[in-house]
Amino acid sequence: MCEDEYKDYIYQSFWFKNEIKEVYYAGNGFSMFKKGMDIQESFDLAVDMVGDKDAFMPGLVKKIESLLVEGNFIYDYWEFGDEDFSLYWFIKKSVYREKMKVIRDWIKYEELDDLIWFEEQK
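Conventions adopted
Residues numbered from 1 in each chain as written. Predicted model: local features only at pLDDT ≥ 70, side-chain atom pairs only at ≥ 80, totals over all residues. Heavy atoms only, no water. Pairing = 2+ DSSP bridges. Helix = DSSP H or I, 4+ residues; strand = E, 2+ residues; numbered from the N terminus. Phe/Tyr/Trp six-rings, centres within 6.5 Å; stacked < 30°, edge-to-face > 60°. Buried < 20%, exposed > 50% of the residue type's maximum accessible area, 1.4 Å probe, protein only.

A. Focus on the sheet that holds strand 1 (residues 9-17). What the four strands build is an open sheet, ordered 2-3-1-4; its pairing is antiparallel. A single partner strand is all that each edge strand has here, and the edge strands are strand 2 (73-80) and strand 4 (116-117). In the sheet, strand 1 pairs with strand 3 (residues 84-92) via nine bridges, with the strands oriented antiparallel. Note on strand 3: the bridge partner recorded for Tyr9 is Lys92.

B. Geometry of the packing of aromatic side chains. Evaluated as defined, the whole model comprises ten aromatic pairs. Taking the centre distance of 6.3 Å and the plane angle of 20° together, the rings of Trp15 and Trp117 count as stacked. In this pair, Trp15 sits in strand 1 while Trp117 sits in strand 4, placing the two residues 102 residues apart along the sequence. Taking the relative accessible area as the measure of exposure, Trp15 reaches 22% and is therefore partly exposed. Exposure remark for Trp117: the relative accessible area of 33% places this residue in the partly exposed category. Members of the aromatic cluster, connected to one another through ring pairs, are Tyr6, Tyr11, Tyr77, Tyr88 and Phe90.

Structure, rendered in structure tokens:
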């Protein structure tokens, strides 16, 4: 996709505390992430999890994407940290506010307020 094609999207990041794996968890790949892993080890772990549809990270990405609804987003990438991690999407401007409300409602319903956060773009 060229840069002009992104003009109809808003770039959105979502942050997750690592403790979310204790609440929203499938598989054991994510638990292999250790504090102090170098970038190559983190990358290798993420690549391994992508191939495992039951692993934590792909399951979480799939859940967020089900809330955004196919056709309304482009998944970009992830970042790991020692105490949290981030996931990034381009979300269509035409549905952005509606989808942010859906995700906010899901976070509240699942009682994940302390584990997931995002800043809505203006």
